[in-house]
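Structural overview
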Amino acid sequence: MVKKKILITGSNGFLGKLAVEHFSVNNELVLVALISSNNENFYKADKENFEEIDLVITNEKPNIIFHFASEIFDTHNKNKIYKTNVVGSKNIYTSAIKNNVENLIFTSTFSLFEKNYDYLINETEPISCKNYYGITKLEAERERAQTAEDLAS
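Criteria and thresholds
Residues numbered from 1 in each chain as written. Predicted model: local features only at pLDDT ≥ 70, side-chain atom pairs only at ≥ 80, totals over all residues. Heavy atoms only, no water. Helix = DSSP H or I, 4+ residues; strand = E, 2+ residues; numbered from the N terminus. Rg over C-alpha atoms; globule rule 2.2 N^0.38 Å. Buried < 20%, exposed > 50% of the residue type's maximum accessible area, 1.4 Å probe, protein only. Contact = heavy atoms within 4.5 Å. Areas by Shrake-Rupley, 256 points an atom, 1.4 Å probe, with all protein chains shown as cover. Patch = residues over 30% accessible without salt bridge, like charges linked within 9 Å, V, L, I, M, F, W, Y side chains within 5 Å. Salt bridge = Lys/Arg side-chain N within 4 Å of Asp/Glu carboxyl O. Arc of directions from axis to C-beta. Polar contact = N/O pair within 3.5 Å; in protein donor to acceptor, adjacent residues only side chain to side chain. Axes fitted to C-alpha atoms, helices over the stretch in contact; angles between N-to-C directions. Left-handed = near helix turned anticlockwise from the far one by under 90°.

1. Thoughts on the overall build of the protein
Counting its secondary structure elements, the protein contains four helices and five strands. Each helix and strand of the protein, ordered N terminal to C terminal, gives the series β-α-β-β-α-β-α-β-α. A compact globule built from 153 residues would reach a C-alpha radius of gyration of about 15 Å, and the protein, at 16 Å, matches this within 12%. Taken along the three principal axes of its C-alpha coordinates, the protein extends 45 × 35 × 35 Å. Here the protein holds 153 residues, and the buried ones make up 41% of them. In the protein, the share of contacts with a sequence separation of at least 24, taken over all contacts with a separation of at least 6, comes to 57%. Of the roughly 9200 Å² of accessible surface on the protein, a fraction of 53% belongs to carbon and sulfur atoms.

2. What to know about a nonpolar patch on the surface
Taken together, the side chains of Phe-14, Leu-15 and Leu-18 make up a nonpolar region of the molecular surface, amounting to roughly 320 Å² of accessible area. By secondary structure assignment, the location of Leu-15 is in helix 1 (residues 14-23).

3. Points about helix 2 (residues 50-60)
Considered for burial, the residues of helix 2 that qualify are Ile-53, Asp-54, Val-56, Ile-57 and Glu-60. All buried residues of helix 2 fall inside an arc of 155 degrees around its axis, so they share one side. Opposite the buried face of helix 2, by more than 90 degrees, sit the exposed residues Glu-51, Leu-55 and Asn-59. Next to the buried residues of helix 2 lie strand 1 (5-9), strand 2 (28-33), strand 3 (42-44), strand 4 (64-67) and helix 3 (78-98). Among the residues of helix 2, the N-terminal cap falls to Asn-49, whose side-chain oxygen and the backbone nitrogen of Glu-51 are separated by 3.0 Å. At the C-terminal side of helix 2, Lys-61 shows a positive phi close to 50 degrees.

4. Remarks on the packing of helix 2 against helix 3
One can describe the packing of helix 2 onto helix 3 by two numbers: an axis separation of 9 Å at closest approach and a directional angle of 40 degrees. As helix 2 runs across helix 3, the sense of the crossing is right-handed. Mapping the contact onto sequence places Phe-50, Ile-53, Asp-54, Ile-57 and Thr-58 in helix 2 and Asn-91, Ile-92, Thr-94, Ser-95 and Lys-98 in helix 3.

5. Topic: the environment of Lys-61
In this structure, Lys-61 sits in the loop between helix 2 and strand 4. For Lys-61, a relative accessible area of 48% puts it in the partly exposed group. Separated by 38 residues in sequence, Lys-61 and Asn-99 have C-alpha atoms that sit 7.0 Å apart. Contacts of Lys-61, omitting those with residues within four sequence positions, involve Lys-5 and Asn-99. At 3.0 Å, the side chain of Lys-61 and the backbone oxygen of Thr-58 are in polar contact.

Written out as structure tokens, the structure reads:
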């Protein structure tokens, strides 16, 4: 079995920790977060800074990126939430394309759908987010789609 090199952003968060636990057995992991880690392949990198995150991706050449990092609480500075969720995501996506990363898995949020539903919803349901976190995650999704569209044309 060929080991894949997997880069995980937000490796100290809930999903990041689960991914580290799951993928560490048969893969080489590269972890990125703003909080230090004891892992030997750990980078403290600011995803809001393209040069910082691009340097990690360029040097490590991951096969897969799991992008879990985000600011989740509206009690934080709105500028910080925007920079992390929108700008940081765009930087990761842009660097992944530049470095020919095979797969990028980006997590969004159920906060896109905030109203009380009395039926099962799917991705065609109109967005109903009201909190700033959900709004920035939606914008990150739109930025990713626009970047992909721009590159295809």
